[in-house]
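Below, each chain spelled out in residue letters.
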Amino acid sequence: MAVRATVSRFPIDSDAQEACGIPWGLTVTPFAAKDENGQAPVYGSDGHLLPRCENCYAYFNTYCELDQWAWNCSLCGTLNGLSSEAIARYSRPQSCAEMMSSFVDLEFPLEGSEEEILHARPVYVAAVDLSSSEEFLELTKSALQAALEALAPESLFGLATFSHKLGLYDVQGPIPVVKNVFIPQDAEGTLPIELEDVMPLLQFLAPVDTCKDRITSALETLRPTTSWERTPPGTGQELNGVLMGGRGFGMAMEALCNYLGSEYGNTFALARVFAFLSGPPDHGPGQLDTRRYGEQYASKGEDADRALLPEQTPFYKDLAAVAVQAGVCVDIFAVTNEYTDLASLKFLSIESGGSLFLYSNTDDSTLPQDMYRMLSRPYAFNCVLRLRTSTEFKPGHSYGHFFPDPQYENVQHIICCDSYATYAYDFEFANNVGFSRHSSEQPMVQIAFQYTVVVPPEELPGSELLSSSRGKHSIKRRLRIRTLQYGTARNLNELYDGVDPEVVLSLLVHKVILASLEEGVREGRMLLHDWLVILTSQYNEAFNLIQYKNGSSSITGQLDVTFSQCPQLQPLPRLVFALLRNPLLRFHEEGVHPDYRIYVQCLFSALEPSSLHRAIYPVLTSYSTPDKQAYPRHSLSRAALITSGSPIFFLDAYTTLIVFYSSTADPSLPFPPPHDCKLFYHLHKQVEMETVLACDLF
């Protein structure tokens, strides 16, 4: 669990917070294997026995005062009694993870029989759009072949298709068999039959280890739905010669979530749906009107940057709640260059813990590589994230791809969480007093992350592995807790010296995305611009660089806009400029497609701070040879390329990796870089970390 705060020392009170101009908050990457300093958690057992505060429900940790019979909560100060079991447990402190470290990962008992726990299987379902082209289907087949290679052998896999009808494939027999059910054209319609009656779920879900070849054979049968298939003669579906039918994505997703949800907790502990989409849903429930994107804004005088960002229907947001309840995570892969209204579709993926991918064409798409990399990462599921603070302050907004708990504040549900998924919080003071200047008690933050993982048999202790279950995966429920103590800044100088520019950028990105969605892109740009102006003014006042004459508005002295006296603030103007030039905040008339803007919003709002920094302000590195790095970081300027004298440059912009050989490079330098060189190793390492890759060599 990596936790990074915008400031290493917290503001002493609300006046100091307002005067500094720096967002106050932190980012959390809960399933990261190590913390921000590279330290792993201390592992332990009996997480359900960990004492909790009777007042604030915080967990016992190393910052709590402990005596023989009781302990004081480090967050709220409440005195809590210890049970006889806890007294016996803490009489041997070296055997308890929570007595050894403030960062622990504890086993949690699972409900259910031993048979259910040992025979848990992750479930994956591919939902493929047949209202598409041959090129789209060929790309999708390649992506699913890559997925089959990445999946654990014991996984269950189901293949479904959708167009004007929903198809379920049975791949467990000698030849693939598909059973179809027609999707009603009416936006208020329902399927004429339940999917369980079309095909029993366990017949639909096939074991990957024994059915991989049959799944591959089924994929080869996929063909685009033709116009005559959509309108069978004599069915009464013709209307004035216009073909009926199309892309019934919404009904297909709703039916699949209900289909899988019927066995949630019995057949599987997690289901993940890969939805491959080639255009906007235009048939049945969840159909979208894409006519809202076009030249009509010029005639109506509407602001496209504001009108195209909100969703046009609550259907997919409501469907996300159904998916969460059913334990289903949905990843959407949109391969299209036409307007698809991702502003409406995005909720189904981000609120269910999934990802949203967008590819403008099939030729340059990295979909197969992205599928394999996504499924090769460690992930947790059925997660609950909770942040608690000491009494002087509290969380304000929370940001990230989660589903907020409808009952409890500051509790987020995450269906699927990989080791890079990051969430953010900003803080506010609970009262006007702030933190005590003379108290020894420091601000405290505790993050609890309860999650489930599928454990391969080789990671299970021998005693846990029954002879009848050898080779079977097992599910484990765990509780990861991180408790942090922060200092307070005595003045603004101390506060500025502890600024983390990358975390500040993360909070700013979340805030401008929220402002853009509510008020439009123009408002998001204004918020960012005004913030930098205010920060510059308050910094100059804090360092007494400007003086006002007799209370008038005229000033004396030189205004410092480069933050020359504070190195930690110096990157911020460049980052703000880069963010203003990013498609996230560029105007519609500058050629930014609304779907691409939504994709960037979803991508940026899930990145950890260092990756987000690269995505907004790329890292330029130079090499004297493919095996020897020249400079680790250059400024992003033409002068850097010309004056450095290096022949090879590597630009890491997160979604794009570029290797550039200058015109003055020695012709004897190997091109492209050899696979065994340092440059290629660096390139490969970044590919493994990043979500989307477009690698150009020129």
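Parameters at a glance
- Residues numbered from 1 in each chain as written.
- Predicted model: local features only at pLDDT ≥ 70, side-chain atom pairs only at ≥ 80, totals over all residues.
- Heavy atoms only, no water.
- UniProt positions renumbered as here; feature names shortened; annotations may be inferred.
- Salt bridge = Lys/Arg side-chain N within 4 Å of Asp/Glu carboxyl O.
- Helix = DSSP H or I, 4+ residues; strand = E, 2+ residues; numbered from the N terminus.
- Pairing = 2+ DSSP bridges.
- Axes fitted to C-alpha atoms, helices over the stretch in contact; angles between N-to-C directions.
- Buried < 20%, exposed > 50% of the residue type's maximum accessible area, 1.4 Å probe, protein only.
- Contact = heavy atoms within 4.5 Å.

The name given to the protein chain in an unreviewed UniProt entry is Sec23/Sec24 trunk domain-containing protein, and the organism recorded there is Gossypium raimondii. The record in UniProt for the protein chain states the following under Sequence similarities (unreviewed entry): "Belongs to the SEC23/SEC24 family. SEC24 subfamily."

Engineer: It is not clear to me how the pattern of salt bridges should be interpreted in this structure. Could you clarify?
Structural biologist: Counted according to the given criterion, the structure contains 20 salt bridges. Note that Glu 107 is salt-bridged to Arg 478, the shortest N-O span being 3.0 Å. Pair noted here: Glu 107 is in strand E8 (residues 103-108) and Arg 478 is in strand E23 (residues 474-485), with a separation of 371 residues, a long-range link. Arg 377 serves as the salt-bridge partner of Asp 418, at 3.3 Å between the closest nitrogen and oxygen.

Engineer: In this structure, what is going on with the sheet that holds strand E21 (residues 423-429)? I would like to understand it.
Structural biologist: One key point about sheets: their strands pair by backbone hydrogen bonds, in either a parallel or an antiparallel sense. Overall, antiparallel pairing links the four strands, which are arranged E1-E3-E21-E18 in an open sheet. At either end of the open sheet lies a strand with only one pairing partner, and these are strand E1 (2-5) and strand E18 (393-399). Ignoring strand direction, the axes of neighbouring strands in this sheet form an average angle of 25°. By the bridge criterion, four bridges tie strand E3 (residues 25-29) to E21 in an arrangement that is antiparallel. In the strand pairing of E21, Leu 26 is matched with Tyr 425.

Engineer: Where do I start with the side chain of Asn 582 in this structure?
Structural biologist: By the element assignment, Asn 582 lies in the loop between helix H19 (571-580) and helix H20 (594-604). For Asn 582, a relative accessible area of 8% gives the class buried. Each residue touching Asn 582, except ones within four places of it in the same chain, is listed here: Val 600, Phe 604, Ala 615 and Ile 616.

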